[in-house]
Amino acid sequence: MSTAFAATGTVPALEAVGISKHFDGVFALNGAQLSVRPGEIHALLGENGAGKSTLVKVLTGVHTPDSGRILRSGEEVEFANVRVAHHAGIVALYQELSIIPTISVAENILLGEQTPSRGGVVQWSRLRRRAQEQLDKLHQKIPLRQLAGELSPVQQTMVSFARALANDAQVLILDEPTASLTDTEITELFAVLRSLRASGVAIVYVSHRLEEVFELCDRITIMRNGETVLTKDVADSTIDEVISTMVGRSPGELFPDRGTATSTVALTVEGLSGRRVQDVSFTAHRGEVLGIGGLAGSGRSELLRILAGAQKHVSGTITVGETRLPHSAGVARTLDAGMALVPEERRSQGVILSATIQDNIALANIATVSALGMVSGGRIADITRRGMADLQVKARSPHQPVGELSGGNQQKVVLAKMLARNPAVLLMDEPTRGIDVGTKAEIYRLIRRLAATGTTVIAVSSELPELIGMSDRVLIMHEGRISGEARSEDADEELLLAYCYGKAVS
Amino acid sequence: MTTTTTPPTAAEVPVQKRTSIGKFLVQGGTTIALIALVLFFFAMRPDVFLTFTNVRNILFQVSILAIISGAQTLVMVVGDFDLSLAATSSLAGSVAASLMLDGTSTLPAILVALVVGLGVGLANGFLVAYVGLSAFVATLATMTSVTGLAYLVTEGTTLFDLPAGFDSLGQGRVLNIPVPVYIAIGLSVVLWGLLRFTTTGRKWYAIGGNVEVSRLSGINVQRGRLLAFTAAGLISAVGGILLAARLGSASAVQGSDNLLFSVAAVFLGMTVIRSGRANLVGTMVGVAIIGVMSNGLNILGVNSYVQQVVTGLIIIAAVTLSSVRTRER
Amino acid sequence: MRRRNGWGATVAAAAVLTTVLAGCGSGDSGGSGGGGDDSFKVIAFTSGNQTPIGAWWVKAVTQTAKDNGWDLKMIQGDFDFQKMNPQVESAIGQGADAIFDGYTDVASIGSIVTAAKDADIPIFAMDSATKPSDAFAVNITTDQQAIADGTLKEIETSLGTLQGKNVMVIGHDPHPGIRLRSELALEDLKAAGANIAGGDVQKVKSPATGRTEALALVTDYLSAHPNGLDAVWVGWDDAALGASQAITEAGSTAKVTGCDATSEALAQIQSGGAFLATVNQPWPEILDTVTQDLTTFQKDGTLPSENFQAVDVTVVDAANASTITPSDKLG
């Protein structure tokens, strides 16, 4: 039905022609093109650094392009700043910037100049009525008087949509809108996006989650190195084609060959129970990559946190090699026993963004780099150099703040930090979240290299192809329990998904 | 406690449906702490604590703190805070007193003092919103300079012998209630209305909640912050003028304890509501806690050093209690 | 006296401060510190320059230095010893003939005393300790016992007797003089058979808010004990004014005494309200005596024979209030 609408909208709602933009002499965009029709959901894809976010910023008036034209419904426009773009009906919604937590839902929908008032006094009843109209368009039931900060993430996203509608937005740009949503919430979000599409709104959808793109979007535009390399209908494309276009090579190379796990047990978990985790037992071997999957809320991340000592458990035992950890040992003792965690929330839990690469690595290895309570600069420099070389961290110098690096390189710093301790067991939570496809392949190769040197890697992932591709063996959790196990050469997505939903498969 | 223990019936679905008053009452440990304090002091001295005279004493004693705390609330709503408020109030009181001793009549002297407060607020707002200094640095600096100015204006002495008409602003009574109590209540109601009903107030809340979204929604963030600081300066000047009238004298440092107490009152007030934002009703609960504590402990004859320790502990207890409640949700 | 020009005075104060901050009292010698200079070098310091008496002292010492041709280095501490002490010590390091301490308690300047001893520079002081101290070549202060005696006598006269009367004592411990005279007053009151309201000295936390603290304290006490006070003895005038206001507002007939003879207290005493009496401490005379000791030392290097002197004070009540120069109007 979207295509029917698209057919009538022959004039693109928003068109970027030959946009170039450079920073400090380096081209971020080099003649980029994008054409979004009214009533379509248009995926904007590319590796990190391909120019997606710069293009979005040009389209929303954050940056002015060096050259090129922007056409809004066929008319050439210039966006001097964000507000001009806003007035032209172009609204970008970023996950972390979507709402104001301290004021009510109604006020969030009709913010600032939109708030109905007379003589400087807010007209609450008109405000609520008009806010309700916007929510009705989205078929959302959200209490208008509630503070927006108390809503669930998906409700907050809905409120920001409602505000965009109230602003008469004709072009919505969404950046990774599903990042913090559960599967059911994603379904709800997609339903709303489809109804917005049906009402003629043009939606630009920026995401790394290709499965979602193929489920939701009408067309895709792929960028690489600041240029637009492909625009085509989703129906005529495949995930493989998209990946190879993004990376510039074929996806078969994404996952390295599997290794051979040894039979030496590196980790034994018996009867582990705690918050969201019920009676979990398994073993992992030296040199093995063990994937753990499950739906959001299945307890997969909690299991990992308990193993890392970051969350207390109620009962059960954890044995690393021969050493049985004391009950709820805590992070420090777990680290000493040789088990380290690379957390999912890289920016808040993994690295200190304002600190340099060297300081981040030194911090996690303070015992290694110091003697008699004094920190040895030489040793820090040493392990930093080694870590950066090992992991091919792309940075100007060890003294560059981590916040300036790309997501993939930040993740490498987190890894370097943990690897400097030579852990026997490395726990990784969503090791490739928010990382572009090119760097993903590097991370997979790295995991494999670690396994080859005898490290046991236990990785939680929400992406089934990733679980199968990177692991030797996969455990699936459902409602806190292990609902299925498969060697990855025997596993396919269908089987794992069945486990995810707790279905016994014979 | 009551909300969490009552299991929701199938009919009423999870969304909290409660009148704002009911919600307010069960919200935080802070309100409970205030009630507990009142009950405690009443139990200890039933013959004294809740008598008309003593309640009037408490209201009189907190009226100026209430005004300064109201000013602090505005600034904290936009997500900043103002260390210079008490100093600004002292300066305003000193300026008014100095002018009146020079022979300026009362009303113009008060107006000039108000303009001085407005000016200090404007300077703070300009430094924070337009120059981009942190509120801590900017207001710490203005606090230092403003205190210096107050020393200059008073020549380091205490100015006294102010006109009777002026003194009656602080010491006079209407219907047997001191004038500052009316002014504090009146100003609080105005500020409450300002924050709750006007677009200006709602914009302040928006700015305090998320600067970026506010900016993108066409709210002039810089002007909003400037305005909040300016209003706070003006209101603190009202407090300082009243303090001078109440004491019948003005010195450069009188009322300097109002700074920490005002911040404490706003923080206590933030624990009163679930969202944890600065709000006027909560601030007044905080002011009441501080006032009841001080009066009650005086009545019980508790050593003032011990009082100070206990006040700190009560603040910690109230904030802890309400943060525990927040976590339970 | 009422005819004063606020803004003019402000400018004048600013000018004085600027001069003082410039670091030299514009004495005859002009420059500060030259090695071969044979002028008499004095380091003067006070932490209390923000109080009226402290401000007067700074002006008066600056003038004295000018009159006697001293090379004066004036250091003002703003109640901040962390800032003041190192400044004084570095001045000592650059060499001086004598040090003049105004109103800064010996307990707060231990490091200065040590530095001065090491450099063999005598410290002349006024109101810097309540007891004799080896730290000073001389320290002249007022007789705290005389202050307590004089004020209590006023109360006794007014009430007829102290026996069985309810008296509150308000003090401020960090100030050594106030602490000592409060304790003396407390003991004397107990000895005379008075009931001490609250059982002990009531303590004000900060001198800056002394008036509001005393006001709340007495108001609340009267609220809890209606007619429970016959008198309030307060260690200094600013707080005494708060106590007196509380008494007036509560309609009590209790009497108040203070200390310092500020102009505001004098006015209250003359108006015949609750404020009964205060004490005038002869600071100008004390300054003269210390100056005398300094010039003697300048001439022939003789140090005073006694290193502590507690001079008598004048009790001020309605009878003599009009004859007293208020302590905040000395300059």
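Residues numbered from 1 in each chain as written. Chains lettered and ligands numbered in written order. Predicted model: local features only at pLDDT ≥ 70, side-chain atom pairs only at ≥ 80, totals over all residues. Heavy atoms only, no water.

1. Quick word on the interface of chain B and chain C
Facing the 40 residues of chain B at the interface are 37 residues of chain C. Surface buried jointly by chain B and chain C totals about 3400 Å² across both partners, of which 50% is contributed by carbon and sulfur atoms. Counting the contacts that link chain B with chain C gives 1 salt bridge. Listed by contribution, the elements that provide at least two residues to the side of chain B that touches chain C are α4 (52-77), α5 (85-101), α7 (135-154), β1 (159-160), α12 (221-247), α14 (280-299) and α15 (304-328) of chain B. (Contact = heavy atoms within 4.5 Å. Buried area = accessible area lost by both parts, 1.4 Å probe. Salt bridge = Lys/Arg side-chain N within 4 Å of Asp/Glu carboxyl O. Helix = DSSP H or I, 4+ residues; strand = E, 2+ residues; numbered from the N terminus.)

2. Some details on the sheet that holds strand β2 (residues 71-76) of chain C
All names here are of chain C. Within the open sheet, the 6 strands sit side by side as β2-β1-β3-β4-β5-β12. Their pairing is parallel. At either end of the open sheet lies a strand with only one pairing partner, and these are β2 and β12 (308-311). The mean angle between the axes of side-by-side strands here comes to 15 degrees, regardless of whether they run parallel or antiparallel. Most of the contacts of helix α2 (residues 52-68) go to β2, to which it runs at about 170 degrees, and overall it touches β1 (41-46), β2, β3 (98-102) and β4 (123-126). (Pairing = 2+ DSSP bridges. Axes fitted to C-alpha atoms, helices over the stretch in contact; angles between N-to-C directions.)

3. Details of a negative patch on the surface
A surface patch of like charges, here negative, comprises Glu211(A), Asp492(A), Glu493(A) and Glu494(A). Turning to its location among the elements, Glu211(A) is positioned in helix α8 (residues 210-216). (Patch = residues over 30% accessible without salt bridge, like charges linked within 9 Å, V, L, I, M, F, W, Y side chains within 5 Å. Areas by Shrake-Rupley, 256 points an atom, 1.4 Å probe, with all protein chains shown as cover. Lys, Arg positive; Asp, Glu negative; His and termini not counted. Charge placed at Lys NZ, Arg CZ, Asp CG, Glu CD.)

4. Re helix α5 (residues 144-159) of chain C
Residue and element names in this part refer to chain C. In this model α5 runs 23 Å from its N-terminal to its C-terminal C-alpha over 16 residues, within 8% of the 22 Å that 1.5 Å per residue would give. When we look at burial in α5, the residues that qualify are Gln144, Ala146, Ile147, Ala148, Gly150, Thr151, Leu152, Glu154 and Ile155. Next to the buried residues of α5 lie β5 (138-142), α6 (176-191), β9 (231-234), β10 (255-257), β11 (275-280) and β13 (314-316). The opening residue of α5 is Asp143, an N-cap whose side-chain oxygen sits 3.0 Å from the backbone nitrogen of Gln145. Positive phi shows up at Gly160, right after α5, with a value of about 95 degrees. (Expected span 1.5 Å × (residues − 1). Buried < 20%, exposed > 50% of the residue type's maximum accessible area, 1.4 Å probe, protein only. Polar contact = N/O pair within 3.5 Å; in protein donor to acceptor, adjacent residues only side chain to side chain.)

5. Overview of the interface of chain B and chain A
Between chain B and chain A, the contact holds 24 residues from the first and 25 residues from the second. Taken over both partners, the interface formed by chain B and chain A buries close to 2000 Å², and the fraction arising from carbon and sulfur atoms is 61%. Of all residues in chain B, Thr199(B), Val213(B) and Leu216(B) give up the largest surface area on contact with chain A, accounting jointly for 25% of the area buried on that side. For the interface between chain B and chain A, the tally reads 1 salt bridge. Across the salt bridge formed by Glu107(A) and Arg202(B), the nearest N and O atoms sit 2.4 Å from each other. Every element with two or more residues in the side of chain B that touches chain A is listed here: α9 (179-197), α10 (199-209) and α11 (211-216) of chain B. Among the elements that make up the side of chain B that touches chain A, the one with the highest residue count is α10(B) (7 residues). Looking at the side of chain B that touches chain A residue by residue, the classes come out as 7 nonpolar, 10 polar and 7 charged. (Nonpolar A, V, L, I, M, F, W, Y, C, P; charged D, E, K, R; others polar.)

6. Here's the deal with the pairing of β5(C)
Residue and element names in this part refer to chain C. With 5 of 5 residues buried, β5 is to be regarded as a mostly interior element. Here β5 shows no split at all, with Val138, Ile140 and Thr142 on one side and Asn139 and Thr141 on the other all buried. Sheet topology note: the β4/β5 ladder contains 3 bridges and is parallel. Pairing of Ala125 across the sheet is with Asn139, part of β5. Of the strand pairs in this sheet, β5 and β12 are connected by 4 bridges, and their pairing is parallel. Opposite Thr142, over in β12, you have Val311 as the bridge partner.

7. Some details on the confidence of the model for chain A
Regions with low pLDDT carry predicted coordinates that are not meant to be interpreted in detail. All names here are of chain A. With 91% of its residues at a pLDDT of 70 or more, chain A has an overall mean of 83. Averaged pLDDT values over the elements of chain A bottom out at 43 in helix α1 (residues 2-8) and peak at 93 in strand β22 (residues 456-460). Scored below 50 in pLDDT, residues 1-9 shows 11 contacts in the model against residues more than four places distant or in partner chains. (pLDDT = per-residue confidence, 0-100.)

8. Topic: the pattern of salt bridges
A side chain of one charge can pair with a side chain of the opposite charge when the charged atoms of the two come close. Residue and element names in this part refer to chain A. Under the counting rule described, the total for this entry stands at 20 salt bridges over all chains. With its nearest N and O atoms 3.9 Å apart, the salt bridge here joins Glu463 to Lys440. Taken together, the residues span a long stretch of sequence, with Glu463 in the loop between β22 and α17 (464-470) and Lys440 in helix α16 (residues 437-452) at a distance of 23 residues. For Glu463, a relative accessible area of 24% corresponds to the partly exposed category. One salt bridge connects Arg448 with Asp472, and the closest N-O pair in it is separated by 3.2 Å. Within this pair, whereas Arg448 is found in helix α16, its partner Asp472 is found in the loop between α17 and β23 (473-478), the two being separated by 24 residues in sequence. Take Arg448 and Asp472: they sit in the same class, and that class is buried.

9. Focus: the pairing of strand β4 (residues 67-72) of chain A
Residues and elements named next belong to chain A. Across 5 bridges, the pairing between strand β1 (residues 14-23) and β4 is antiparallel. Its bridge partner lying in β4, Ser20 is registered against Ser67. Pairing between β4 and strand β5 (residues 75-77): 3 bridges, direction antiparallel. Within the sheet, the bridge partner assigned to Leu71 lies in β5 and is Glu76. Turn length for the β4-β5 hairpin, with the two strands adjacent in sequence and antiparallel, is 2 residues, and the turn residue Ser73 shows positive phi of about 50 degrees.

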